[in-house]
Amino acid sequence: MQRKTFDFILSLIGPKISENVVKPGRPSVSPETQLLLTLWILGTPDSYRSVSDRFNVGKATAVISVRRVVKALYDHVHTFIKWPIADEMETSIRVFRAVKGFPNVIGAIDGTHISITAPKNNAEAYVNRKGYHSMQLQAVCNENGMFIHCFTGYPGAVHDQRVFQNSDLPEFFRNDTQFPDDVHILGDAAYKLHKHLMVPFKDNGHLTDIQKNFNMCHSSTRMAIERAFGLLKGRMRRLLDTLPMTREDLIPKYIITCCILHNICVLKQDQFQPLAVAISNNASAVEILATREPDGGGRDVAIRKRDVIAAELPMQIGA
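Remember, predicted model here, so these are calculated numbers, not experimental data.

Here is what the cut-offs are and how they apply
Residues numbered from 1 in each chain as written. Predicted model: local features only at pLDDT ≥ 70, side-chain atom pairs only at ≥ 80, totals over all residues. Heavy atoms only, no water. Core = buried A, V, L, I, M, F, W, Y, C linked by side-chain atoms within 4.5 Å. Buried < 20%, exposed > 50% of the residue type's maximum accessible area, 1.4 Å probe, protein only. Helix = DSSP H or I, 4+ residues; strand = E, 2+ residues; numbered from the N terminus. Contact = heavy atoms within 4.5 Å. pLDDT = per-residue confidence, 0-100. Patch = residues over 30% accessible without salt bridge, like charges linked within 9 Å, V, L, I, M, F, W, Y side chains within 5 Å. Areas by Shrake-Rupley, 256 points an atom, 1.4 Å probe, with all protein chains shown as cover. Salt bridge = Lys/Arg side-chain N within 4 Å of Asp/Glu carboxyl O. Pairing = 2+ DSSP bridges. Axes fitted to C-alpha atoms, helices over the stretch in contact; angles between N-to-C directions.

> Outline the nonpolar core, listing residues and values.
Ranked by internal contacts, the top residues of the largest apolar core, which has 84 residues, are Trp83, Phe102, Phe147, Ile185 and Leu232. It is helix α10 (residues 251-267) that contributes the most residues to this core, 9 residues altogether. Every residue in contact with Phe102, bar those within four places of it in the chain, is listed here: Phe96, Arg97, His184, Leu186, Met198, Phe214, Cys217, His218, Thr221, Ile309 and Leu313.

> I'd like a description of the confidence of the model for the chain, backed by residues and values.
Per-residue pLDDT for the chain averages 87, and the proportion of residues at 70 or more is 89%. Between the elements of the chain, mean pLDDT differs from a low of 89, seen in helix α7 (residues 160-166), to a high of 97, seen in strand β4 (residues 184-186). In this model residues 275-297 is a low-confidence stretch, pLDDT under 50, and it forms 51 contacts with partners more than four residues away in sequence or in other chains.

> Break down a nonpolar patch on the surface for me, with residues and values.
On the surface, a cluster of nonpolar side chains totalling about 260 Å² of accessible area is made up of Ile210, Met315 and Ile317. Tracing the backbone through its elements, the reader meets Met315 in the segment after α11 (299-312).

> Residue-level account of the sheet that holds strand β1 (residues 105-115), with values.
Sheet architecture is open: 5 strands sit in the order β3-β2-β1-β4-β5, paired in mixed fashion. One side of each edge strand has no neighbouring strand; the edge strands of this open sheet are β3 (147-155) and β5 (197-198). Two elements, strand β2 (residues 134-141) and β3, share 6 bridges in a ladder whose sense is antiparallel. When the bridges of β3 are listed, Val140 appears paired with His149. Running over the sheet, helix α9 (residues 209-235) touches β1, β2, β3, β4 and β5 and is turned about 45 degrees from β1.

Here it is, written out as C-alpha cells:
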C-alpha cells in the first residue's frame, strides 16, 4: 500500500481509534501503529503472536487494535461500497462495451469462498464442496474492479443462487432507479437468467454460432469480477489463508472491511498486480436451489432480451 493511501485511511479513522487500548499506566498504542498492525494482519498470513512481536505489543492488545480498526472502517461501508449513479453507469457501459461489444453492462457478479476456522456452532454447515470451512462473499464490481455491492455471511455449503436470493439484489431488480434504461449485470451459469442479470446460454452441445459468440463475449466481459477478486485476495492475503477467528458475527465485518480497503486502493490508484488464483465457483455442485424468481417471473422477457443481444453482438468467433 502506498503512503498516500495509508495516510488517507489514517485521517479517515484516526479520531475513532485514538483512545488508549492498553491498561492504564502502560504506553498507549498510536492510531498509526494500530492501522499498520491491522493492515499487516489482513495483508499477510502471519499469526497474531508473530505480528505482536513485530509491533512490540501484547497479543490481546493486537486483537483489540484490529477489532477497533475493522469497526472504524466498517462504519464507512456505504461510503466506499455503493451502487453507481447515472453518470457512473454511463462510464461503466462505455468501458464494458469496449471489451467485446456487450451492451448496457454496469457490473459483473460472482461469489468466492473465504476460508475460515471451523466455527463453534454448526461447523458442518460451513464445509463447502471442496471440503474446507468457508464463508461466502458475493460481490458485484464495476469496470475498474471496484466493488459496488457486497454480501457475505452465508456458510460455504450454500449455493450461489440461494446466497443471491437472500441478498438485497433481488430488491434492486424491482427498483427502476437501480437499473434504469434496461441496464444489467453479468453472471455465470450459477445464477438464474433475469432481464437485469444476463447469464450464458447453457451449452447442450447444440448451440448456434450466435449463441456461442454471445457466451464468448459474455465471458470476456465478465472477467472483471475475476480480476477484482484476484486483486482483493492479493492485497488482503489473509483471505487466501484462513481468517483467524471463529465468531460468525465478526467474520463478515472483517471480510467487508477487506473489500472497503480494496475499494480505497482502487480510488487512490494504488496499483497492484493481481494474483493468478482460482476464485470463481463451479456451478456443477449439487445444491438445493431457491426456486423463487427475483421479481416473481419475467423469464420470457429475459430470454427475449438475451436473444436480441446475441443477435446484435459483433461476430467474433474465429476472429
